[in-house]
Amino acid sequence: MMNVYFDNAATTAMSPAALDAMIPALQETYANASSLHTVGQLAKEKLEQARADIAACLGAQPAEIIFTSGGSEADNQAIVSAARWGAKRKKKHIVSTAFEHHAVLHTLQKLEKEGFEVTYLDVHEDGMVRPDELEAAIRPDTCLVTVMYANNEIGSIQPIAEIGAICKEKKVYFHTDAVQAVGHLDINVKEQNIDMLSLSAHKFHGPKGVGCLYARCGIILSNIIEGGAQERGKRAGTENIPAIIGMAAALKDVLAKREENEAKVSAMRDRLIEGISVIPHSRLNGHPTKRLPGNVSFCFEGIEGESLLLLLDMKGIAASSGSACTSGSLDPSHVLLAIGLPHEVAHGSLRLTLSEYNTMEEVEYVIKELPGIVEYLRNMSPVWEKLEKGEQEHVI
Ligand SMILES: *Cc1c(COP(=O)(O)O)cnc(C)c1O
């Protein structure tokens, strides 16, 4: 049996580059960067070097980077900041989409309870926002547009530069949750007119529990964590310098190998899609071409995603049904519902997410094992029996 890790959208293994940078940092860079003594100032230098490195990777200025505990915190801070700014100017309308990550959606729902109005754009069957619909949704009282760069479940890549240009012209703040995009897709916050961007280290082979918010110079941030004056007073708490150093090293490393990684990962993705597509009554979710290099998302009629995951796990294959955050609940994924799938189809979902650490051999192993597992589950399913007898119509 092979052991295959195909859940890289949930989290990734740390890269040797990140580990090499972090291990000495954990041992040596323990001083507090706010301390005035020499070792404290040395820690501060390392912190600022990491900030400059990350800023350079995004096309930003170092002063525009605020370190956070990860993507969720960055999403919260970006959205709450724009909302607080808007509320002072009687702008209490936000434009977003129906398939954002819960870190965005739940923050928006909290604001709705406080009297904000949110327009959730349709992402259509292909998992894509339509820029003309976005433009039409912007009103004089809109304070923020927040649209993710690439979806974590179905991998569709949004027209970020086009959205940025619209927001710039309409003078509305634009935030993007780029957690799935950073390290894998082109990013330049200035060229793409991005005002705020969230990223998380553990999605590109860095450590967990660290990320950052890019906020364009001039944007007034509100605090999520109150306390000391770290991060220019915008995010209190002693900085996790070893993790921040690991994040910078991981990002520089993935970007240095980006072309090579993209070629390798997308070839494995395409082979996997080809191999899985032969399973009858299956469908590929998301856009056929505008998708993350490592994302494969399918639905199979007549089966439950959860049982599929258990049987795959018994074959050594680590996969996911939707996002890691919805696992454990029986509700179908809000992303699959947002692209218009009926509940019964959305329940039979499988997400396989690859990284450059995977191999074509692993892809072939999954292609060999999966059809038999799907067939086994269908043979046990009362729904499938009805479909086969023609008592119920196939949807896919
Ligand atoms: C993983 C993920 C997050 C959350 O990031 P954390 O660092 O785990 O808090 C947010 N948005 C997207 C799109 C993600 O994939």
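Just above sits the structure.
The paragraphs below set out a description of the structure included in this document. (Residues numbered from 1 in each chain as written. Predicted model: local features only at pLDDT ≥ 70, side-chain atom pairs only at ≥ 80, totals over all residues. Heavy atoms only, no water.)

## Things to note about the pattern of salt bridges
Side chains that differ in charge, positive against negative, can pair when their charged atoms come close.
Here's step 1: Tallied over the full model, the rule gives 22 salt bridges.
Here's step 2: One salt bridge connects E48 with R51, and the closest N-O pair in it is separated by 2.8 Å. Here R51 and E48 lie together in helix α2 (residues 38–58), a separation of three residues that amounts to about one turn.
Here's step 3: We classify E48 as partly exposed; its relative accessible area is 28%. (Salt bridge = Lys/Arg side-chain N within 4 Å of Asp/Glu carboxyl O. Helix = DSSP H or I, 4+ residues; strand = E, 2+ residues; numbered from the N terminus. Buried < 20%, exposed > 50% of the residue type's maximum accessible area, 1.4 Å probe, protein only.)

## Considering unusual backbone geometry
Here's step 1: Unlike most non-glycine residues, N193 shows phi in positive territory, near 55 degrees.
Here's step 2: Counting through the fold element by element, N193 comes out in the loop between β6 (173–177) and β7 (196–200).
Here's step 3: For H281, which is not a glycine, the phi torsion comes out positive at approximately 55 degrees.
Here's step 4: With respect to the element layout, H281 can be found in the loop between α8 (258–277) and β9 (282–284).

## What about the nonpolar core?
What tends to happen in soluble globular proteins is that the nonpolar side chains get buried as a cluster.
Here's step 1: Counting residues in each nonpolar core, the largest one holds 68 residues, and the members touching the most others are V145 and L197.
Here's step 2: Element by element, the count of residues in this core is highest for helix α7 (residues 241–256), at nine residues.
Here's step 3: Within the second largest apolar cluster, 29 residues are counted, among which are F6, L308, L309 and L352. (Core = buried A, V, L, I, M, F, W, Y, C linked by side-chain atoms within 4.5 Å.)

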